[in-house]
Amino acid sequence: RAYKVRPQAPGELRGAVDWLAAFRDDQQPQVQDYTVSCEVRRGPVIAGGELLMIPAGRAPSPQYFDTLSRLHLDEWIEAGGVVAFQSLKQAIFDKYEPDYLLIDSRTGITATNSVTTRVLADAVVALALDSPEQLDGTRSVLRTLQPLTSLETGENLDLHVVLSRFAADSKPDDPSARTSEEQRALNSVQRFLTEPAWPARNTLEFSSAN
């Protein structure tokens, strides 16, 4: 999402795809060479903090798609390439010691999706739109992750579903300030996402619509 946090187009930025390609070619890539600092235009921002980003790569350039194609990500992961993703995550923590690491995962049911949500993540956040087509796709993807456990530790991972592009009210931090229409939408989405699945273990559960 480089366009959203960089003042210029990201066409010349190297990123995660380039790092993975270099790692696969045994080039020992340095994570700082693929990291850019992002301007934070509005806050609140903690003094001394910094927002760093590793973009996907030079998208939408032909070089980016060529590199991505040559990686054959799903086949590579199935053959043990998951270690590359783990190495990238470790390199980020070793170099920057971040308070939070946010991973923008690929949408859909893919091997890459499984790595980002069940190997690299401590918690999964799913953004959903209140439309039948989008919710149907969201539910299908989330059901494939159930039961949501870490493939490394076997421990349960938290799942947070966020209804996005929602009209902001005057008191967003106060649940009691919601309008009846907003509450209706939240309840409707929760009912749809938690409808029983087959097999039953794939059924989604949420403790609250808050």
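All figures in this text were calculated on a predicted structure; none of them were measured in a lab. (Residues numbered from 1 in each chain as written. Predicted model: local features only at pLDDT ≥ 70, side-chain atom pairs only at ≥ 80, totals over all residues. Heavy atoms only, no water.)

### Things to note about the packing of helix α4 (residues 73-96) against helix α5 (residues 111-118)
Between α4 and α5, whose axes approach to 9 Å, the crossing angle comes to 25 degrees. Considered as vectors, α4 and α5 are oriented roughly parallel to each other. In terms of crossing hand, the pair formed by α4 and α5 is right-handed. Taken together, the residues of α5 that come into contact with α4 (itself represented by Leu73, Asp74, Ile77, Glu78, Val82 and Phe85) are Ala111, Thr112 and Val115. Its residues assigned to classes, the contact of α4 with α5 comprises 6 nonpolar, 1 polar and 2 charged. (Axes fitted to C-alpha atoms, helices over the stretch in contact; angles between N-to-C directions. Helix = DSSP H or I, 4+ residues; strand = E, 2+ residues; numbered from the N terminus. Parallel < 35°, antiparallel > 145°, perpendicular 65-115°, else oblique. Left-handed = near helix turned anticlockwise from the far one by under 90°. Contact = heavy atoms within 4.5 Å. Nonpolar A, V, L, I, M, F, W, Y, C, P; charged D, E, K, R; others polar.)

### Regarding the side chain of Arg139
Mapped onto the elements, Arg139 comes out in helix α6 (residues 132-144). Since its relative accessible area comes to 10%, Arg139 is described here as buried. When residues no more than four places from it in sequence are discounted, the contact partners of Arg139 are Phe192, Leu193, Glu195 and Leu204. (Buried < 20%, exposed > 50% of the residue type's maximum accessible area, 1.4 Å probe, protein only.)

### Structural notes on the packing of α6 against helix α7 (residues 180-193)
Taken N-terminus to C-terminus, the directions of α6 and α7 make an angle of 45 degrees; their axes are 10 Å apart at the nearest point. Considered as vectors, α6 and α7 are oriented oblique to each other. Pair α6 / α7 crosses with right-handed handedness. On α7, the residues touching Leu135, Asp136 and Arg139 of α6 are Val189, Phe192 and Leu193. Its residues placed into classes, the contact of α6 with α7 shows 4 nonpolar, no polar and 2 charged.

### Thoughts on the nonpolar core
In terms of nonpolar packing, the biggest core is built from 20 residues, with Trp19, Leu20, Leu71, Leu73, Trp76, Phe85 and Val115 touching the most fellow members. Looking at this core, the elements with two or more residues in it are α2 (16-24), α3 (62-71), α4 and α5. At 7 residues, α4 tops the list of elements feeding residues into this core. Beyond its immediate stretch of four places on either side in the chain, Trp19 contacts Pro29, Gln30, Val31, Tyr34, Ala84, Ser87 and Leu88. In this structure, Ala126, Leu145, Leu157 and Leu163 belong to the second largest nonpolar core, which totals 14 residues. (Core = buried A, V, L, I, M, F, W, Y, C linked by side-chain atoms within 4.5 Å.)

### Quick word on unusual backbone geometry
With an omega dihedral of -10 degrees, the bond running from Gln146 to Pro147 counts as a cis peptide bond. Inspection of the secondary structure puts Pro147 in the loop between α6 and β4 (158-163). Cis geometry marks the peptide bond from Trp198 to Pro199, where omega comes out at 0 degrees. As for its position among the elements, Pro199 is in the segment after α7.

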